Amino acid sequence: MVKHTKPALWAAVSVIALSLPTVGQAATVKNVIMMISDGASWGTWDMASYWEHGAKGQQIYDNFDVKLGMVTTPLNTSSRPTHDNTPLPAYDWRKAWDTTPTGNGSFAGYDYIKQDVTDSAAAATALATGEKTYNNAIDYDNFGEPLRFISQDFKAMGRSTGVVSSVPLSHATPAGFGAQNISRNNYGEIARQMVEEGTLDLIMGAGNPNYDDSGRLLDAPRYANETGTGGAYIPQSVWESLQGEDAPMKLLQERADFEALANGSLTVDGRLIGVPKVGSTLQQGRSGDVFGADAANPSGIAYNQDVPTLATMTKGALNHLGKNEEGFFVMVEGGAVDWAAHANQTDRIIEEQVDFNHSVQAAYDWVEAWSNWEETMLLVLTDHGNSMPMGPNSDLIPFQLIENNGQGVLPSVQWHHGGHTNENTLMWAHGAGSDLLLDHVIGNDPWLAALLRHNADGAYIDNTALHAAIVTATVAPVPLPAGAWLMLAGMGALAALRRRKTA
């Protein structure tokens, strides 16, 4: 124990120091890996585990330290700013799980969770900025003003940043961590911001303008509009800028290069963009036999063999960003899970979710090999539910769970919707700082525990809590200027003398 010869002076200095930024103390968490299975309702997690393992509880995230529900309601459902702060009503679990029949195979709870739903843009904004906003906004508030997002914070601290997705890189979720735009549909403008503004050190996603959804070369490129809405890929000017020696980012397109980055045989200096040779999604949008139509597609082997898996892209991204000793933030999205849900594709949503699960395993393994859980936070979540996949008799039995038919066999599923839902979603957290999420619990949804068995007490948070926890865990205190401790000591001495004179 250190013995202080001047306790009054030390106490005064300590009080002053506690009221100011901590000096010379690094942030607790260096690395944050946020993994989003876009549009994954409760049943989506179940059906993928049933098909791959024949049982639940086999995924790496099933053993994570923190398991919570997460509500996702936006500020409002407008597609443009309404210039007020009036929020939608808060999530009400009693209404969400109401089993009162309403006719046509539906129940009051089913009807409730189809209302007041977020889109991926407002959801990404909440996750990236901690602020609720209108649907359609990419890091813009409801007054039409841009919001600072988490990648900017990490970049300001000298850390690396990146986004990875199985859908076009300029789509809502990756955009929310790399751009600011009043409309998610301004794909060309968003892609330009992500590539040219320099906030992101790594971008990986679909949307190659030269290839169709099955990876076939197009007769003519398909570009996004340079400004305004139209086209979901990359504008011509940005794509052409990536081809030359003076490109703002090193471009990868070949599957072999993604695999080399993942296994460590390829390293790239500077900023990196990876756009596989495929159109809208890595796999979900392809033509041909659907997954499981005649023979179950072996897990992890895709029909389009020229495209890397999301797991491979995740490994490569972590290797690239992990070179920065100061740390990094990366968002990895299984974006086509959402697309398969909209289409009510049981087979392809399983394929997409399995690839996402493998990506989570890849991230976990990377931390085990190259980092540790004292410096890295791993978050697994969805941004909203989609299309309500439930059990085969869920039109008669309210909230019936997906029916397991064994490993390698498609589970029995009934879909109840074709759009997003405001259900209480599932999320998992592991590693340094994950316990901070417990400070943001806003309620207990007993059905999360009793029916879904996700956690013991049904505790849940709002989606804005993830940003708050990340900031608390990672944003380094502002260093005091040179000589600050002498100034504090002098202030403390004066305070001590004043107290003695007035005693």
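Please refer to the structure placed before this passage.
For every chain, the first residue of its written sequence is number 1, and the numbers climb from 1 along that sequence. Where totals are concerned, whole chains, interfaces and linings use all residues; where local detail is concerned, this predicted model gives features only for residues with pLDDT of at least 70, and gives and counts side-chain atom pairs only at 80 or more. The side-chain quantities take in all heavy atoms of the structure and omit both hydrogens and water.

Let's shift gears to the side chain of Thr 382. With respect to the element layout, Thr 382 can be found in the loop between strand 10 (376-381) and strand 11 (385-386). In terms of polar contacts, Thr 382 uses its side chain to reach the backbone amide nitrogen of Ala 40, at 3.0 Å. In this structure the side chain of Thr 382 is engaged in a polar contact, spanning 3.0 Å, whose partner is the backbone oxygen of His 384. Helix and strand definitions here come from DSSP, where helices need a minimum of 4 consecutive H or I residues and strands a minimum of 2 consecutive E residues; each element is numbered from the N-terminal end. Polar contacts, as used here, are pairs of N or O atoms within 3.5 Å; protein pairs need one atom able to donate a hydrogen and one able to accept it. Residues neighboring in sequence count only if both atoms are side-chain atoms.

Side chains of a nonpolar character, in soluble globular proteins, are inclined to be buried together. The biggest cluster of nonpolar side chains holds 65 residues, and the ones touching the most others in it are Ile 33, Val 164 and Met 204. Here this core takes nine residues from helix 13 (residues 346-370), the largest share from any one element. Pairs of residues are marked as contacts when any of their non-hydrogen atoms sit within 4.5 Å. Other than its neighbours up to four places away in sequence, Val 164 contacts Leu 202, Met 204, Leu 310, Met 313, Ala 317, Val 330, Met 331, Val 332 and Glu 333. The nonpolar core is taken to be a set of buried Ala, Val, Leu, Ile, Met, Phe, Trp, Tyr and Cys residues, with the residues joined through side-chain atoms within 4.5 Å. Three labels apply to residues, based on accessible area from a 1.4 Å probe with only protein chains included: buried if under 20% of the type maximum, exposed if over 50%, partly exposed otherwise in between.

Before going further, it helps to spend a moment on the environment of Trp 415. Relative to the helices and strands, Trp 415 resides in strand 13 (residues 414-415). Each C-alpha atom, one on Trp 415 and one on Ser 394, is 8.8 Å from the other, the two residues being 21 residues apart in sequence. If near-sequence neighbours (up to four positions away) are discounted, Trp 415 is found in contact with Met 47, Ala 341, Asn 344, Gln 345, Thr 346, Ile 349, Asn 386, Ser 387, Met 388 and Pro 389. Within polar-contact distance, the side chain of Trp 415 engages the side chain of Thr 346 at 3.0 Å.

Let us look at the pattern of salt bridges. By convention in these notes, a salt bridge is any Lys or Arg side-chain nitrogen within 4 Å of a carboxyl oxygen on Asp or Glu. For the structure on display, the rule yields eleven salt bridges. Two residues, Arg 184 and Asp 119, come together in a salt bridge whose shortest N-O distance is 3.2 Å. With Arg 184 in the loop between helix 7 (172-175) and helix 8 (187-196) and Asp 119 in the loop between helix 4 (108-112) and helix 5 (120-129), this residue pair connects regions lying 65 residues apart in the sequence. Across the pair Arg 286 and Glu 351 runs a salt bridge whose closest N-O atoms are separated by 2.9 Å. On the criterion of sequence distance, the pair formed by Arg 286 in the loop between strand 8 (272-274) and helix 11 (310-321) and Glu 351 in helix 13 is long-range, its members being 65 residues apart. Judged by relative accessible area, Glu 351 falls into the buried class, the value being 11%.

A word on the sheet that holds strand 16 (residues 443-444). Strand pairing in a sheet is mediated by backbone hydrogen bonds. Such pairs are either parallel or antiparallel. With mixed pairing, the eleven strands of this open sheet are ordered in space as 7-8-6-5-9-1-10-15-2-17-16. Every interior strand has two partners, whereas the edge strands, strand 7 (250-252) and strand 16, have only one. As defined by bridge partners, strand 7 adjoins strand 8 across three bridges and the pair is classed as parallel. The residue bridging Leu 252 from the neighbouring strand is Gly 274, located in strand 8. Note on geometry: axes are C-alpha line fits, over the in-contact stretch for helices, and angles between N-to-C directions span 0 to 180 degrees. With respect to the sheet, helix 2 (residues 42-53) is in contact with strand 1 (31-37), strand 10 and strand 15 (425-431), its orientation differing from that of strand 15 by roughly 65°. Against the sheet, helix 15 (residues 465-474) makes contact with strand 1, strand 2 (66-71), strand 9 (328-334), strand 10, strand 15 and strand 17 (459-462), and its axis sits at roughly 175° relative to strand 10, the strand it touches most. Paired strands, in this sense, are two strands between which DSSP finds at least two bridges.

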